[in-house]
Each structure stands twice: as structure tokens, then as C-alpha cells.
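Chains, contacts and geometry: an overview
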Amino acid sequence: MLDFSAQCDGSHIVGVLYSLCFKASEGSNGQIDIYNKDAIAYGRAFKDSLDIQKHGGKISLPRRMHENVKPVALREVLITR
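What comes next concerns the included structure. Just so it is clear, the structure is predicted and the values come from calculations on it, not from any experiment.

The rules we used
- Residues numbered from 1 in each chain as written.
- Predicted model: local features only at pLDDT ≥ 70, side-chain atom pairs only at ≥ 80, totals over all residues.
- Heavy atoms only, no water.
- Helix = DSSP H or I, 4+ residues; strand = E, 2+ residues; numbered from the N terminus.
- Rg over C-alpha atoms; globule rule 2.2 N^0.38 Å.
- Contact = heavy atoms within 4.5 Å.
- Areas by Shrake-Rupley, 256 points an atom, 1.4 Å probe, with all protein chains shown as cover.
- Lys, Arg positive; Asp, Glu negative; His and termini not counted.
- Charge placed at Lys NZ, Arg CZ, Asp CG, Glu CD.
- Salt bridge = Lys/Arg side-chain N within 4 Å of Asp/Glu carboxyl O.
- Buried < 20%, exposed > 50% of the residue type's maximum accessible area, 1.4 Å probe, protein only.
- Polar contact = N/O pair within 3.5 Å; in protein donor to acceptor, adjacent residues only side chain to side chain.

**Topic: the overall build of the protein chain**
Within the protein chain, the regular secondary structure consists of two helices and two strands. Along the chain direction, N to C, the helices and strands of the protein chain fall in the order α-α-β-β. For 81 residues, the compact-globule formula gives about 12 Å, and the C-alpha radius of gyration of the protein chain, at 13 Å, lands near that figure. Each principal axis of the C-alpha atoms in the protein chain carries an extent, and together these give about 50 × 20 × 20 Å. If you take every contact in the protein chain between residues at least 6 apart in sequence, the share linking residues at least 24 apart comes to 40%. Just so you have it, the protein chain exposes about 5,600 Å², and 57% of that area is on carbon and sulfur atoms. In the protein chain, 11 positive and 9 negative side-chain charges are present, and the distance between their average locations comes to 5 Å.

If you want it as C-alpha cells, here you go:
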């Protein structure tokens, strides 16, 4: 049976992590820095979020970055790296 609320949460976490990755990669001068450590961590979490939609599981993200994931209900799929 298809769980629509879980599917909606999965889609939402993908969008949230993509946005956080993009914001973290933007420098103060408007340049994109793909080597920013936060952007790399969010990018890996974004990739993991695409995988959990299909296979299930958890998304690894450093503990200090969990607070940036909003709404709080989405944090239940996060684990600390």
C-alpha cells in the first residue's frame, strides 16, 4: 500500500536539502564555491535523500547541520555522520 504522507515527506526533504546545498555554496560575493564543506555535506545528504525515496533508510548529516533542516518533523530521517 502506498503511504502518501511518507512520500510527501520524502519529496519535501529532497527540496529542503537542495536549497540548503545551494545556499551553502553561494559565497558572500555571489560566486559559487563547490568546495565549501557545508555545501559538500548538504550535497551528499541530498543524494542520500534521493536514494531513501526508493530504498528507504536514513540520511547522514553532521549533527551541527541538523538544526538547519526545517520543519523539525523532517529531522527524523537524519542520522549523525
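**Overview of the pattern of salt bridges**
Taken as a whole and assessed by the stated rule, the structure comprises three salt bridges. With a closest N to O distance of 2.9 Å, Arg 64 and Asp 38 form a salt bridge. Note that Arg 64 is positioned in the loop between strand S1 (59–60) and strand S2 (78–79) and Asp 38 in helix H2 (residues 37–55), a separation of 26 residues in sequence. Under the relative-accessibility criterion, Asp 38 is labelled partly exposed at 27%. Close ionic contact of Lys 47 with Asp 51 constitutes a salt bridge, the shortest N to O distance being 3.5 Å. With Lys 47 and Asp 51 both in helix H2, this residue pair falls four residues apart, about one helical turn.

**Section: the side chain of Ser 49**
If you trace the backbone, Ser 49 turns up in helix H2. In this structure the side chain of Ser 49 is engaged in a polar contact, spanning 2.5 Å, whose partner is the backbone oxygen of Phe 46. Setting aside chain neighbours within four positions, we find Ser 49 in contact with Ile 13, Val 14, Leu 17 and Ile 59.

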